[in-house]
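These are the residues of each chain, in order.
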Amino acid sequence: MTYDLPYSLVGKRVWVAGSAGMLGSSLCRRLKEEDCEIFDIPRKSLDLCRQLDVEDWMAEKRPHAIFFAAGTVGGIQANQDRPGEFIYDNAMMAINVINSARLFSVEKLLILGSSCIYPRLAKQPMVEKELLTGSLEPTNESYAIAKIAALKLGQAFRRQYGCDIISAIPANLYGPGDKFHPDDGHVIPGLISRIEEKKLRGGTLVIWGTGKPQRDFLFVDDAADALVFLMKKYSDEAEINIGSGNVCSIAELVEILSEIMDFSGPTRFDLEKPDGMPLKQLDISRLTQLGWSSKKSLLDGLKATYRWYCKEVRN
Ligand code: GDP
């Protein structure tokens, strides 16, 4: 099913589901440049796991477009410690929002996947067709299963009911608004908070795993810009990757962060901690062909993230 493009956001009621999260808040900032009305609602006021509450809210607000950026998210350790929460919350929220979008004839819905939904040993860089061609990385299987279910539901509704639902698969996101917890979050905020602690108190900086895994780190404001771009310019069943096109190893990342944060203390790799997928590089040819590419370099993005951390979290 194809729809007229570009899809205009002008004058539209746009709901950012998950607006309190790192990506959701960046999307709200980015959408201020569009001539639209932005709806956001805090998690404590609307639990997206509760179907009837979501339907009531949709009936009242009647958004024209939805960015589904909500989720229970965390780094490799959080995924391992709380697999039940990751699968239940993410599946429930997605099913409720996607089904309500259908019931209330939302014009367009964009669903967020994650690069961890690709098979652990997918061919690299990963093209969208690699999805469901092999076993998942065990450390994030629960989250990935919920995300795959969401994407498949969107595609099925597109096919059966003609809903204009699209889905994007972002690389590893980082930036202002991230969860700066030493253990619960992703690698960049985790390392920033632990390096800061070592600077204050001394001691050895422990880096999880071997340092060899490679990731495509995408600055969150670039990701939000790509999502608004896709909302306007893309309408197809096939998922579409969003990334910077570059990869960086965890060991290299530690070097860059140490430089930015002026840290020169001792470091040690903790081999008891999991590495996760050895390499996650997204093939972004389809997005590039549509005319979008990322703007922020990893160095500049990390500097901006650290500045935000110093201002909003540390102080
Ligand atoms: P994912 O593996 O892509 O799902 O995401 P993460 O950001 O959780 O981890 C990326 C890589 O960084 C993995 O190989 C981790 O073992 C490694 N890593 C090193 N130090 C840390 C840390 O402090 N926190 C996290 N989350 N990962 C770390």
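The structure we're discussing is the one just above.
What you see is a predicted model; the values in this text were computed from it and never measured. Along each chain, the written sequence defines residue order, and numbers are assigned to residues from 1. This being a predicted model, a pLDDT of at least 70 is required before a residue's local features are given, and a value of 80 or more before pairs of side-chain atoms are given or counted; all residues contribute to the totals for chains, interfaces and linings. Only hydrogens and water are set aside when side-chain values are computed; all heavy atoms of the structure are taken into account.

Peer 1: When you look at the environment of Tyr-118 in this model, what are you seeing that I'm missing?
Peer 2: Starting at the N terminus, helices and strands are each numbered in turn, a helix being any DSSP run of H or I of at least four residues and a strand any DSSP run of E of at least two. You can see Tyr-118 is positioned in the loop between β4 (108-112) and α5 (141-161). Each C-alpha atom, one on Tyr-118 and one on Val-73, is 17 Å from the other, the two residues being 45 residues apart in sequence. By the convention used here, residues are in contact when the closest approach between their heavy atoms is within 4.5 Å. Residues within four places of Tyr-118 in sequence aside, it is in contact with Met-126, Val-127, Glu-128, Glu-130, Leu-131, Leu-136, Ile-169, Asn-241, Met-277 and Leu-282. Polar contacts involving the side chain of Tyr-118 include one to the side chain of Asn-241, which spans 2.7 Å. Under the rule applied, a polar contact is a pair of N or O atoms within 3.5 Å (in protein, one hydrogen donor and one hydrogen acceptor; residues adjacent in sequence only if both atoms are side-chain atoms).

Peer 1: Explain the site of the ligand to me, please; I cannot follow it from the model alone.
Peer 2: Around the ligand there are 15 residues in total, and Ile-76, Arg-194, Arg-215, Pro-274 and Asp-275 lie nearest to it. Within the contact set of the ligand, an oxygen atom lies 2.8 Å away from a backbone nitrogen or oxygen of Ile-76. Measuring from an oxygen atom of the ligand, one finds a side-chain N or O atom of Arg-215 at 2.7 Å. Per-residue and other accessible areas follow the Shrake-Rupley method at a 1.4 Å probe size, with only the shown protein chains counted as cover for residues. Calculation on the ligand without its partners gives an accessible area of 530 Å², and the protein chains cover 97% of this total. Counting residues per element, the ones that place at least two in the shell around the ligand are α6 (187-201) and β7 (205-208). Nearness of a residue to a molecule or strand requires only that one of the residue's heavy atoms be within 4 Å of it.

Peer 1: Even after reading the chapter, I still don't get the nonpolar core, so can you show me in this structure?
Peer 2: Side chains that are nonpolar tend, in soluble globular proteins, to be buried together. Counting residues in hydrophobic clusters, the biggest one holds 77 residues, and the most contacted among them are Trp-15, Leu-23 and Leu-230. For this core, the leading source of residues is helix α7 (residues 220-233), giving 9 residues. Apart from residues lying up to four places away in sequence, Leu-23 is in contact with Ala-69, Leu-112, Leu-173, Val-220, Ala-223, Ala-224 and Leu-227. Ile-250, Val-254, Met-261 and Leu-302 belong to the second-largest nonpolar core, a separate cluster that totals 22 residues. Put simply, buried Ala, Val, Leu, Ile, Met, Phe, Trp, Tyr and Cys residues joined by side-chain atoms within 4.5 Å make one nonpolar core. In this scheme, a residue with accessible area under 20% of its type's maximum is buried, one over 50% is exposed, and one in between is partly exposed, where area comes from a 1.4 Å probe on protein chains only.

Peer 1: I keep staring at the pairing of strand β5 (residues 165-170) and nothing clicks. Help me out?
Peer 2: Regular strands place side chains that alternate from one sheet face to the opposite one. Most of β5 is tucked away: 6 of the 6 residues are buried. Of the two faces of β5, the one holding Ile-165, Ser-167 and Ile-169 and the one holding Ile-166, Ala-168 and Pro-170 are both buried throughout. Here 4 bridges tie β4 to β5, and the two strands are oriented parallel to one another. Across the sheet, residue Ile-111 finds its bridge partner in β5, namely Ser-167. One bridge is not enough; two strands pair if DSSP finds at least two bridges between them. Two strands pair when backbone bridges link them, and β5 and strand β10 (residues 240-242) are joined in this way by 3 bridges, in the parallel orientation. If you follow Ala-168 over to β10, its bridge partner there is Ile-240.

Peer 1: Explain the sheet that holds β10 to me, please; I cannot follow it from the model alone.
Peer 2: Remark on secondary structure: sheet strands pair via backbone hydrogen bonds, oriented parallel or antiparallel. An order of β2-β1-β3-β4-β5-β10 is seen for the 6 strands of this open sheet, with the pairing classed as parallel. Every interior strand has two partners, whereas the edge strands, β2 (37-39) and β10, have only one. Each strand of the sheet is rotated relative to its neighbour by a mean of 20 degrees, with strand direction disregarded. Axis definition: a line fitted to C-alpha atoms, limited for helices to the stretch in contact. Angles are taken between N-to-C directions and run from 0 to 180 degrees. Set on the sheet, helix α4 (residues 83-103) makes contact with β1 (13-17), β3 (65-68), β4 and β5; between it and β3 the angle comes to about 170 degrees.

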